[in-house]
Every structure is written in C-alpha cells, then in structure tokens.
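The chain contents come next:
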Amino acid sequence: MNAIMLESALFIALLAVVGALFVTALGFTPFGRRIRQSANRKRIDRQADLTCPIHGLQREEDLVRLPTGEPLCSHCYKEAVHGHID
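About the criteria used
Residues numbered from 1 in each chain as written. Predicted model: local features only at pLDDT ≥ 70, side-chain atom pairs only at ≥ 80, totals over all residues. Heavy atoms only, no water. Core = buried A, V, L, I, M, F, W, Y, C linked by side-chain atoms within 4.5 Å. Buried < 20%, exposed > 50% of the residue type's maximum accessible area, 1.4 Å probe, protein only. Contact = heavy atoms within 4.5 Å. Helix = DSSP H or I, 4+ residues; strand = E, 2+ residues; numbered from the N terminus. Disulfide = S-S within 2.5 Å.

What follows concerns the nonpolar core. Core analysis: the biggest nonpolar cluster contains five residues, these being Leu-50, Cys-52, Leu-63, Cys-73 and Cys-76. Once you skip the residues sitting within four places of it in the chain, Cys-73 turns out to touch Cys-52, His-55, Gln-58, Asp-62 and Leu-63.

What follows is the structure in structure tokens.
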C-alpha cells in the first residue's frame, strides 16, 4: 500500500516538474515572446489611459468615465463643467 501511495506522489511530482519545464521553455520561443509583448503592451496602454495630458498620471478611482466610454481626469471634468481653469 505504501509503495502505491509513494508511486502516486512521485508521479504527481513528475507531472509538476514537466509542466514547470514546459512553461519555462515556452518563454524562450517566439510564441512566448509574443505573449510577453502583448502583456507589456496592455500594461503600457492601461498606464497611458490613466495619464491626462495636462494634469499627468491619475489614479483609476479619480477618473470620470464619459458617456462615450472615454476616461477624463477629475480636474479636467471640473473645468469643463464649471468653466473654471486652475
């Protein structure tokens, strides 16, 4: 009984090691490079969406979403609504 349980544990460990090696090897292929580049592009696009050209980087909670879906910083929104320019 102990031999069967030990063999099962070793088989699961072998599957985990093979999976880890596969994921690591995938990073060196062109497909892995494409995945990394897509993730970097998404991160850069998200940061660009959070940056106001006038007031700089804003927190996501401080942005106002327009009916068109476009984000607008709270300072620009106040200026547009009230007509006050700081």
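We now examine the side chain of Ser-74. Locating Ser-74 in the fold gives a position in helix α3 (residues 74–82). If we skip the residues at most four places from it in the chain, Ser-74 touches Asp-62 and Val-64.

Under the counting rule described, the total for this entry stands at zero disulfides. Here Cys-52 is not disulfide-linked; the sulfur of Cys-73 is the nearest cysteine sulfur, at 3.6 Å. This cysteine, Cys-73, is not joined by any disulfide, and Cys-76 carries the nearest cysteine sulfur, 3.4 Å off. Cys-73 gets classed as buried once you look at its relative accessible area, which sits at 3%.

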